[in-house]
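An overview of the molecular structure
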Amino acid sequence: MGRVTGVRASREDPTRIEIDLQVNEGTPLNMNSVAKLGSVSLMSSPAISITTEPTMPALKAGQVIRSEETMSIDDMTRKLSGIADSAEGLITQVQGELKGISGMLERCSAT
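In this report, we go over the structure that sits alongside the text. Nothing here was measured: the structure is a model prediction, and the numbers come from that model. (Residues numbered from 1 in each chain as written. Predicted model: local features only at pLDDT ≥ 70, side-chain atom pairs only at ≥ 80, totals over all residues. Heavy atoms only, no water.)

1. Things to note about the overall build of the protein chain
Formally: Secondary structure is summarised from DSSP: a helix means a run of H or I of at least four residues, a strand means a run of E of at least two, and numbering begins at the N terminus for each. Every radius of gyration here is taken over C-alpha atoms, with the globule rule written as 2.2 Å times N^0.38, N being the number of residues. With a 1.4 Å probe rolled over the protein chains alone, any residue whose accessible area is under 20% of its type maximum counts as buried; one over 50% counts as exposed, and the rest are partly exposed. We call two residues contacting when some pair of their heavy atoms lies within 4.5 Å. All accessible-area figures derive from a Shrake-Rupley calculation using a 1.4 Å probe, and residue coverage is judged against the displayed protein chains alone.
Across its full length, the protein chain holds one helix and five strands. Reading the helices (α) and strands (β) of the protein chain from amino to carboxyl end gives β-β-β-β-β-α. Here the protein chain has a C-alpha radius of gyration of 25 Å; the compact-globule value for 111 residues is 13 Å, and the former is much larger. By principal-axis analysis of the C-alpha atoms, the protein chain measures approximately 80 × 35 × 30 Å. The 111 residues of the protein chain split such that 9% are buried. Nonlocal contacts in the protein chain, meaning residues at least 24 apart in sequence, comprise 37% of its contacts between residues at least 6 apart. As displayed, the protein chain has an accessible area near 9,500 Å², and 58% of this comes from carbon and sulfur atoms.

Here you go:
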């Protein structure tokens, strides 16, 4: 558990954002920890999730946690829409092929 204490554009790369965090003492952050910005649900406020591996050496105060870019809700919506369109076409194709298979089975059982 913790809280965000600062947010700013990176001096080296203004397309990246730096986020300062204050975490509770004993939080197992280490060299393999990865931070991702996301949300718990579609209606919740943004949250930062951080993975950890307890067997790795712990980070010290002021050290950087690696981050990974996450998909936005808009990106997810577009991707799901594309998947739905593909699935619809596949279902139509399978239905057509099932009709053909059913016809073949009827002819085979009639002989």
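2. Overview of the pattern of salt bridges
Let me state the cut-off plainly: Only one rule defines a salt bridge in this text: a Lys or Arg side-chain nitrogen within 4 Å of an Asp or Glu carboxyl oxygen.
As enumerated under the stated definition, the model contains three salt bridges in all. Among the ionic pairs, R8 bridges to D20, the shortest N-O distance being 2.8 Å. Pair noted here: R8 is in strand β1 (residues 2-9) and D20 is in strand β2 (residues 17-23), with a separation of twelve residues, a long-range link. For D20, a relative accessible area of 31% gives the class partly exposed. Its salt-bridge partner being E68, residue K36 comes within 3.3 Å of it at the nearest N-O pair. Linking K36 in strand β3 (residues 34-39) with E68 in the loop between β5 (66-67) and α1 (73-110), this pair joins segments that are 32 residues apart in sequence. Classification of K36 as partly exposed rests on a relative accessible area of 34%.

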